[in-house]
Amino acid sequence: MARWIALMFLLLAQPAWGWDLDPKLEPLRPFLGKVWRGEFSDSTPDKPVIDVSQWQPALQGKAVRITHSLNKGQYEGETMMVWDEQAKSLVFYYFTTAGFYTKGTAYAKEGVFYFHEQVAGAGDGVKEVRSEVRLVDGEMHQQAYYLKNGDWVKGHSAIYQAVH
């Protein structure tokens, strides 16, 4: 019986996913293992825009996978983020059900994550995306900017709460 209790304590002391997170991904830890629900700032009662995203460690802690779904699957995307030792940066790919994908880099500075993406296959004129993500009092705040037709324009924004 004592062995089982000791084993249970040992298991509970480990991360929920069973392996260590790559130290270069540690700044992302506060986002991981959660389901986040956010409402876009341009959402209205007539046309709600609700995003649900899940941030999980992947590839035995060597990557972070972010999946999200707008309006229960109307649009979906998946990001895979890793540390690129040669580039000395977080790098990621984002794939969508809209037929485009992005490749980008990310870094953290003073509690804010900055993402910069190059867009491939978008038919709406967006060539690049820059976004900022920060935690504020347990909420995830996100703001995007788009390079469209040669000009940077304010894109979507949302405030997310952890729901799981």
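Relevant structure appears above.
Rules of the game
- Residues numbered from 1 in each chain as written.
- Predicted model: local features only at pLDDT ≥ 70, side-chain atom pairs only at ≥ 80, totals over all residues.
- Heavy atoms only, no water.
- Pairing = 2+ DSSP bridges.
- Helix = DSSP H or I, 4+ residues; strand = E, 2+ residues; numbered from the N terminus.
- Polar contact = N/O pair within 3.5 Å; in protein donor to acceptor, adjacent residues only side chain to side chain.
- Contact = heavy atoms within 4.5 Å.

On to the pairing of strand 7 (residues 112-120). With nine bridges joining them, strand 6 (residues 101-109) and strand 7 adopt antiparallel strand pairing. Each residue of the ladder has a partner; that of K109, found in strand 7, is V112. Where strand 6 hands over to strand 7, the hairpin turn is made up of two residues, of which E110 adopts a positive phi near 50°. With seven bridges joining them, strand 7 and strand 8 (residues 126-136) adopt antiparallel strand pairing. Across the sheet, the residue bridging to F113 is V133, located in strand 8.

Mapped onto the elements, S43 comes out in the loop between strand 1 (34-40) and strand 2 (50-58). Separated by 2.9 Å, the side chain of S43 and the backbone nitrogen of V49 make a polar contact. Excluding its chain neighbours within four sequence positions, the residues that come into contact with S43 are P48 and V49.

Any link to function would need more than the numbers given here.
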